[in-house]
Every structure is written in C-alpha cells, then in structure tokens.
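# Structural overview
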Amino acid sequence: LQAEWVRDFCGLSFTQGTINVRTSGKGTVPGDFFFDTRIDTAGLKGFFAGGHRRFSFDFPGLAAIFKGEGTEDFYDIKQMTLSAAAWSLTGQAAVALTEGMPQAFSVSFDAPFMPYGEFKNLVPTAYLPTWLKERILDRMSGGEVRVDRFALEGTSDELRKFKLSD
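What you see as residue numbers is a count from 1 along each chain, following the sequence as written. Predicted model: local features are reported for residues with pLDDT of at least 70 only, side-chain atom pairs are reported and counted for 80 or more only, and whole-chain, interface and lining totals are derived from all residues. Note that water and hydrogens are dropped before the side-chain values are worked out from all heavy atoms of the structure.

The numbering of helices and of strands both runs from the N terminus, where a helix is a DSSP run of H or I of at least 4 residues and a strand a run of E of at least 2. When its secondary structure is counted, the protein chain shows 3 helices and 7 strands. Mapped in sequence order, the helices and strands of the protein chain form the string β-β-β-β-β-β-α-α-β-α. The buried label applies to any residue whose accessible area, calculated with a 1.4 Å probe on protein chains only, is under 20% of its type's maximum; exposed applies above 50%, and partly exposed to all values in between. For the protein chain, with 166 residues in total, the buried portion stands at 31%. By definition, residues are in contact when any of their heavy atoms lie within 4.5 Å. Taking all contacts inside the protein chain whose residues are at least 6 apart in sequence as the whole, residues at least 24 apart take part in 50%. Within the structure as shown, the protein chain displays about 10300 Å² of accessible surface, and the carbon and sulfur contribution to it stands at 56%. Per-residue and other accessible areas were derived by the Shrake-Rupley procedure at a 1.4 Å probe size, with only the shown protein chains allowed to occlude residues.

Given below as structure tokens:
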C-alpha cells in the first residue's frame, strides 16, 4: 500500500512511504471478534494537523503490532507495540467508532530508555507549552530518556484542536 493513498485520517496524513499490513482475526462482524495485526512501514513521511499546528514525522522504518478484541463500534487494543531502530513503545488503546470512523479514543504507553535525540523527534513540540520546549527540551543535548507513562484521551474533534496551554 502506498502511504500517500491514506489522506486525512483523523488529522493524520501520509505523504510518502509504503505500508504493509498483515492481520488475522477470529469472530463475527458484526459481533465480537479478536484481531492480531502487524504493520511494517518503509520511508514513512507525513504529518498530523490539529488546530492551527502541524507535527511532521519521518520514520525510515516503523513496525506496529496491535492485538485485541472488538465489536462493530469499539476496539479494545490490549497490546500495542510501536518500534523503530532506536526506540520502542508499548501500551494499550481503545477506540470508539461511529459509522466506521474513530470518534473517541484513549491511549497509554511506556518506553524504555532511548537516546534523547530520538525522544525529541517523537515529541510534537508544536503542541507543547512554549516554556516547556524552551526551558527544558531545547536545553537538553544528550543522554537517555524513559517514558514511564504517557496517556491521552478524548474525541477525534478534541485531538484535531489539541493544544496544551502556556
């Protein structure tokens, strides 16, 4: 699948790269089902646009694994792993759907130590308060960072308008 075929999915757009999706499932649709999905990407570039801000990304190689269960209007992702060459994130997520499109979500993840430069590339600084970026992130130049817990919850509309106050 050419990544640029996926346009504006809840504010997420891809401009370059390839996406390979393998999935297996068990159950009935509509009804309860279980899924196990792996997504491998190459040369993935794009951006997330929310509010008046934009966060660009560039992942030479990215793998995602999602295992969980769902119904026609709700996915409970009990195990989620996102990984690249220098970092990995593990966590859980839940997505509520309306007419097949995500309407509300919750996500939480942890990450073991990773180089600070990789961490900074993952952080959408355009959405952070100016003081946090200028006084902390911009002053750091090396070392390693660990994420003990990152959590985000809301509706798709709230995500599009997301902004932490200064």
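What follows is about the side chain of serine 108. The residue serine 108 is located in strand β6 (residues 101–115) in this model. Residues contacting serine 108, with those up to four places away along its chain left out, are Met80, Thr90, Gly91, Gln92, Arg149, Phe150 and Ala151.

A few words on the side chain of threonine 37. Assignment of secondary structure puts threonine 37 in strand β2 (residues 33–50). We call two N or O atoms a polar contact when they sit within 3.5 Å, provided that within protein one can donate a hydrogen and the other can accept it, with sequence-adjacent residues counted only if both atoms are side-chain atoms. Within polar-contact distance, the side chain of threonine 37 engages the side chain of threonine 23 at 2.6 Å. Every residue in contact with threonine 37, bar those within four places of it in the chain, is listed here: Val21, Arg22, Thr23, Ala64, Ile65 and Phe66.

Everything listed here is a matter of geometry and, on its own, says nothing about what the molecule does.
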